[in-house]
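So the chains spell out like this:
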Amino acid sequence: MIAKVYYYNVLLRIGIYLFPFFAFGISSDIRFGNAWLPAVHGILPQSYLLFLLFTELAWVFAASFYKLSSVTDLYREHTGMRTTFLACFATFCLETALLVFFHQLIISRLFIVLGNVILFLLAVAARNLLRVTSASSNWSRKSEKIIVVGTDDYAIRGVELLRRIPFVDCEVQAYLQLPGQPVLVHDAPVINTAETFAIESLNFDEAVVAVPPSCYLEISPVLDYLNDLGKPVRAILDLGPRLSVRETLFQVGALQMVNLAISPVESFAYTVLKRTFDLVFATIGVVVLTPVMLTIAVLIKLFSRGPVLFLQERVGRNGKSFNLLKFRTMHCVALSVTDAHWTTRNDAGCTKIGAVLRKFSLDELPQLFNVIRGDMSLVGPRPERPHFVSKFRADLEKYNVRHCCEVGMTGWAQVNGLRGDTSISDRLRYDLYYIQNWSFGFDIRIIARTMFTILKDQNAY
């Protein structure tokens, strides 16, 4: 069964990984009228070759992370357009980062856009073609004869899912009943543990253990017997509703471990792609918004005495403190007061220009420099002051879990209206949801919603 899935997985992976080369040739022909770049006048073929190699590397990482090249994930979406778009967008962001930091590469912008559009269309077309043809009754499926350990409703659900596996036709030859287990299956003979010798007369390819975790201790003798038959033995793993295996087994020295953590912060997309996106777009933001920030700085000096910027200690990822940058919106007071003071609506300490800045979140713009420095991200749970972190940790269970990832300029709680003097428990609930369900596409969605939230948020003050 697994060998067949691996076979088609390799074919899909090879095809997906080669698509940047096809997209490169097609976009070159459309943009320059010739797919053979050395024959095109006025361009540097070496730059395009380096760009192609980088695109291929970025695409391999993005396609692998979003599982475009995985047969087992082929049927999770109806068309696959969402995951394909995210992989293409991630590749585009990495390409943009390359051009920002390596000005020597002179590449046509239209060529880049065409290449990514064609790459998207090729990937969507290939995945849907394989998906449709494999679902066809004319598709050649290898018949896999199996015996199933288990006879209850758990086994029934497991067999139903096995029969949905593409490219393989599972035929249950028999069910093996454990002592005291109810018999709810009716599509194949049932053998109890006292008659295991009858299994030897069956013609089967592999055994599948489909029992709930509470029965694991009872299957040891059965496993010993099945292993002696020299056939593959596999188990349907269920760790319960609160645990999920986000990654496969990985090796750490002499240990094999499974990642059961709720946070995806060790993934490639989070550690590399998210950081690249933050760095590129924060840098672009600083360049584009420099006139706005200079104007705000002048207005602050005109309307109140004191420094333009306000530095305040905040708690970031892994509990590390950093100095958060903001435009000063309050009258100057001792830090000991502001560090333990919670700003409320119509706060008397707020300056006239400060009220406007807070209303539209313009006081947060200097945090783009925090993002560039690596103190925080564009998207993540909002960083809090040490005084309140200590207080909330004592009052709220799992509050400190929000510090396992990068804190952000905006977050899932904020775009859902939880800003200012709002419920901390509700904010925590949204922050934990963000951590558990993080994806690069989720970050883009939050950034897009932030643009609209700023204009109508009643809790910004």
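Located above this text is the structure these notes cover.
Residues numbered from 1 in each chain as written. Predicted model: local features only at pLDDT ≥ 70, side-chain atom pairs only at ≥ 80, totals over all residues. Heavy atoms only, no water.

**Student:** In this structure, what is going on with the pattern of salt bridges? I would like to understand it.
**Tutor:** Side chains carrying opposite charge are able to pair once their charged atoms draw close together. Within the structure shown, the criterion is met by 12 salt bridges. One salt bridge in this structure joins K326 and E364, with 3.9 Å as the shortest N-O distance. In this pair, K326 sits in strand β9 (residues 321–327) while E364 sits in the loop between α9 (352–359) and α10 (367–373), placing the two residues 38 residues apart along the sequence. No difference in accessibility class separates K326 from E364, as the two residues are buried. Here the residues in one salt-bridge network are K326, D363, E364 and R382, joined through shared partners. (Salt bridge = Lys/Arg side-chain N within 4 Å of Asp/Glu carboxyl O. Helix = DSSP H or I, 4+ residues; strand = E, 2+ residues; numbered from the N terminus. Buried < 20%, exposed > 50% of the residue type's maximum accessible area, 1.4 Å probe, protein only.)

**Student:** Quick question: what am I supposed to make of the pairing of strand β4 (residues 206–209) here?
**Tutor:** Remember that side chains alternate between the two faces of the sheet whenever the strand is regular. Alternating residues of β4 divide into E206 and V208 and A207 and V209, and every residue in both groups is buried. Sheet topology places β4 next to strand β5 (residues 233–235); three bridges connect them, and they run parallel. Bridge pairing in β5 places V208 opposite R234. (Pairing = 2+ DSSP bridges.)

**Student:** So what exactly am I meant to see when it comes to the packing of helix α2 (residues 45–65) against helix α3 (residues 81–101) here?
**Tutor:** Between two packed helices, the angle of one axis relative to the other and the distance separating the axes together describe the packing. The N-to-C vectors of α2 and α3 enclose an angle of 140 degrees; their axes lie 9 Å apart at closest approach. By the criterion of interaxial angle, the relationship of α2 to α3 is oblique. Between α2 and α3 lies a crossing whose hand is right-handed. Within the contact between the two elements, α2 uses F51, F54, T55, A58, W59, A62 and A63 and α3 uses A87, C88, A90, T91, L94, E95, L98 and L99. Broken down by class, the residue content of the contact of α2 with α3 amounts to 12 nonpolar, two polar and one charged. (Axes fitted to C-alpha atoms, helices over the stretch in contact; angles between N-to-C directions. Parallel < 35°, antiparallel > 145°, perpendicular 65-115°, else oblique. Left-handed = near helix turned anticlockwise from the far one by under 90°. Contact = heavy atoms within 4.5 Å. Nonpolar A, V, L, I, M, F, W, Y, C, P; charged D, E, K, R; others polar.)

**Student:** What am I meant to see in α9 here?
**Tutor:** Since one α-helical turn is 3.6 residues long, residues separated by three or four positions face the same way. Within α9 the residues assigned to the buried category are I353, G354, L357 and R358. Seen along its axis, α9 keeps its buried residues to an arc of 135 degrees; they face one direction. You can read the cap of α9 off the contacts: a side-chain oxygen lies 2.9 Å from the backbone nitrogen of G354, and it is on T351. Backbone geometry just downstream of α9 places S361 in the positive-phi region, at approximately 60 degrees. (Arc of directions from axis to C-beta. Polar contact = N/O pair within 3.5 Å; in protein donor to acceptor, adjacent residues only side chain to side chain.)

**Student:** Which parts of the structure should I look at to understand empty space enclosed by the protein?
**Tutor:** One simple way to see leftover space: roll a probe sized like a water molecule over the atoms. Across all of its chains, the model carries one cavity of 30 Å³ or more by this definition. In this structure, the largest cavity spans a volume of roughly 110 Å³. Of all the elements in the fold, those that place two or more residues in the lining of the largest cavity are α1 (2–32), α2 and α4 (109–135). Sort the elements by how many residues they give to the lining of the largest cavity and α4 lands first, with five residues. (1 Å grid on protein atoms, 1.4 Å probe; cavity = no way out; pocket = protein on both sides within 12 Å on 5 of 7 lines; lining within 4 Å. Points joined across faces, edges and corners; volume = space filled by probe spheres on them.)

**Student:** Help me out: how do you make sense of the nonpolar core in this one?
**Tutor:** Buried together is how nonpolar side chains tend to be arranged in soluble globular proteins. Counting residues in hydrophobic clusters, the biggest one holds 63 residues, and the most contacted among them are I16, W59, F327 and Y434. The leading source of residues in this core is helix α7 (residues 268–303), at nine residues. When sequence neighbours within four positions are dropped, the list of residues in contact with F327 reads M293, I296, A297, I300, V308, L309, L357, L362, D363, L365 and P366. The next biggest cluster of nonpolar side chains, apart from the first, holds 16 residues, and it includes A174, I191, C215 and Y225. (Core = buried A, V, L, I, M, F, W, Y, C linked by side-chain atoms within 4.5 Å.)

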